[in-house]
Amino acid sequence: MTPRRTAPLRVVANPRPTPLVPNAVLGMLIFIFTEAMLFAGLISAHTIARASSVVGWPPPGQPRLPFEETALNTAALLLSGVAVFAAQRLLLRNRPRAFQTLALGIALGAFFVGFQGVEWVGLIREGLTLTSSVHGAFFYLIVGIHALHAVGALAALGWAGLRLRRGLMPANSFAAVALFWYFVVGVWPVIYLRVYT
Amino acid sequence: MRSILASVLSGLLLLAPELARACAVCGAGADEDQSRTAYLLTTVVLSALPLAMLGGVLLWLRRQQRKGTDLFVDRTEP
C-alpha cells in the first residue's frame, strides 16, 4: 500500500481577517460615489444649458454671481478641510488637541454655510430666484444641494466632536465622517469654477 | 390650382431639410460648436468618472494590501 501524500497542515491563528478598509469607510466611499455622480450630472446639465443659451450667460436682467466674495468663502472651506485632516492625524496621539482642531474645522465650515446664506439673501434681493431664469434655477439647485451636504456633514462632525471629547470616538468612524467632509470640500471648487464664472 | 400650389410648396420644403430640428434642445444655442463641445465634454466626464473612482479605490486597496502584512497569521508546518 503506497502512502498517501497529504497537503501540509495550515494553522490559521486568526480566522477572521482584518479588512483592508474598515466597514464604515467602505460604506462612506460607496455613498460618496453616488453623491459624486449626482453632482457630476447637475454640473453637466448646467454646462449644456449654459452652452446652449441663446441670450447669453447670465441672461439679461439677471445679476452676476459674486465670484470675488465667494473666493474668501472658498478659502474658509478649504482651510476647514485642512483642519479636519489635521484633527484626524492627531486623533490617536493627542485627543484634546484633536478636539480643538476639529472645533476649528467645524467653525470654518459653519462660516462657509452662513456666508452662503447671506449671499443668497443678497441675490434674491437683486432678483435672482429659483424661477427667474435657468441661471437662477441651476444656481440654487446646485449650490443648495451642496449646502445641504455641508450642513449634514457639519452635524456629523459635531457628533464626532462630542464623542471625541468623551473619548468614545473610534478612529474608523471618525475617518468615515471626515471622508464625507473631504468630499464636501473637494466638490466645492468644481462648483465654484463652473457655476460662478 | 390650390393642389398644384400645395405640391410646389411641399416640394420646396423638401429642398430645405436643414431647417428641421428633430431634437428640442440640439442646436438651440446661438453657437452650435460650443453646444456640441459641451455635449461631448459632459459625455466624456460622466462616462469616465465612475470608472476613475472605482479604479482609484481598487488601486488604493492594492497598495494597502502590498504595504500591509499577511491578512492571516499563517504558519505552515514542515
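Predicted, not measured: the structure shown is a model, and the values here were computed from it.

Here we come to the overall build of chain A. Across its full length, chain A holds 5 helices and 1 strand. Taken from N to C terminus, the helices and strands of chain A fall in the order β-α-α-α-α-α. With the C-alpha coordinates of chain A rotated into their principal frame, the extents come out at 95 × 50 × 20 Å. Across the 197 residues that make up chain A, the buried fraction comes to 43%. Here the contacts in chain A between residues at least 6 apart in sequence split such that 80% fall between residues at least 24 apart. For chain A, the accessible surface area stands at approximately 10,600 Å², while carbon and sulfur atoms represent 67% of it.

This part takes up a nonpolar patch on the surface. Taken together, the side chains of Ile4, Leu5, Val8, Leu9, Leu12 and Leu15 of chain B present a nonpolar region at the surface, about 630 Å² in accessible area. Relative to the helices and strands, leucine 5 of chain B is located in helix α1 (residues 2-14).

A separate point is the packing of helix α1 (residues 23-51) of chain A against helix α4 (residues 134-166) of chain A. All names here are of chain A. Packing of α1 against α4 leaves a shortest axis separation of 10 Å and a crossing angle of 165°. Taken together, the axes of α1 and α4 are roughly antiparallel relative to one another. Of the two elements, α1 crosses α4, and the hand of that crossing is left-handed. Between α1, through Glu35, Leu38, Phe39, Leu42, Ile43, Ala45, His46 and Ala49, and α4, the contact on the second element is made entirely by Val134, Phe138, Leu141, Ile142, Ile145, His146 and His149. Of the residues assigned to the contact of α1 with α4, the class counts are 11 nonpolar, 3 polar and 1 charged.

Our focus in this paragraph is the packing of aromatic side chains. According to the stated counting rule, one finds 12 aromatic pairs over all chains in the structure shown. Among the aromatic side chains, those forming a connected cluster through ring pairs are Phe67, Phe112, Trp120, Phe139, Tyr140, Trp188, Tyr192 and Tyr196 of chain A.

With that settled, consider the confidence of the model for chain B. Low pLDDT means the predicted atomic positions in that stretch should not be read closely. Residue and element names in this part refer to chain B. Considering every residue of chain B, the mean pLDDT works out to 75; 67% of them sit at 70 or more. Of all the helices and strands in chain B, strand β1 (residues 74-76) carries the lowest mean pLDDT, 39, while helix α2 (residues 32-67) carries the highest, 90. Contacts from residues 69-78, a stretch scored under 50 in pLDDT, to residues over four places away or in other chains number 23 contacts. Here the predicted complex scores 0.79 on pTM and 0.75 on ipTM.

Right, let's talk about the environment of proline 59 of chain A for a bit. Residues and elements named next belong to chain A. Looking at where proline 59 falls in the secondary structure, it is placed in the loop between α1 and α2 (67-90). Each C-alpha atom of the pair proline 59 and valine 134 lies 8.5 Å from the other, and the pair is 75 residues apart in sequence. Apart from the residues within four sequence positions on either side, proline 59 is in contact with Ser133 and His135.

Cut-offs applied
- Residues numbered from 1 in each chain as written.
- Chains lettered and ligands numbered in written order.
- Predicted model: local features only at pLDDT ≥ 70, side-chain atom pairs only at ≥ 80, totals over all residues.
- Heavy atoms only, no water.
- Helix = DSSP H or I, 4+ residues; strand = E, 2+ residues; numbered from the N terminus.
- Buried < 20%, exposed > 50% of the residue type's maximum accessible area, 1.4 Å probe, protein only.
- Contact = heavy atoms within 4.5 Å.
- Areas by Shrake-Rupley, 256 points an atom, 1.4 Å probe, with all protein chains shown as cover.
- Patch = residues over 30% accessible without salt bridge, like charges linked within 9 Å, V, L, I, M, F, W, Y side chains within 5 Å.
- Salt bridge = Lys/Arg side-chain N within 4 Å of Asp/Glu carboxyl O.
- Axes fitted to C-alpha atoms, helices over the stretch in contact; angles between N-to-C directions.
- Parallel < 35°, antiparallel > 145°, perpendicular 65-115°, else oblique.
- Left-handed = near helix turned anticlockwise from the far one by under 90°.
- Nonpolar A, V, L, I, M, F, W, Y, C, P; charged D, E, K, R; others polar.
- Phe/Tyr/Trp six-rings, centres within 6.5 Å; stacked < 30°, edge-to-face > 60°.
- pLDDT = per-residue confidence, 0-100.

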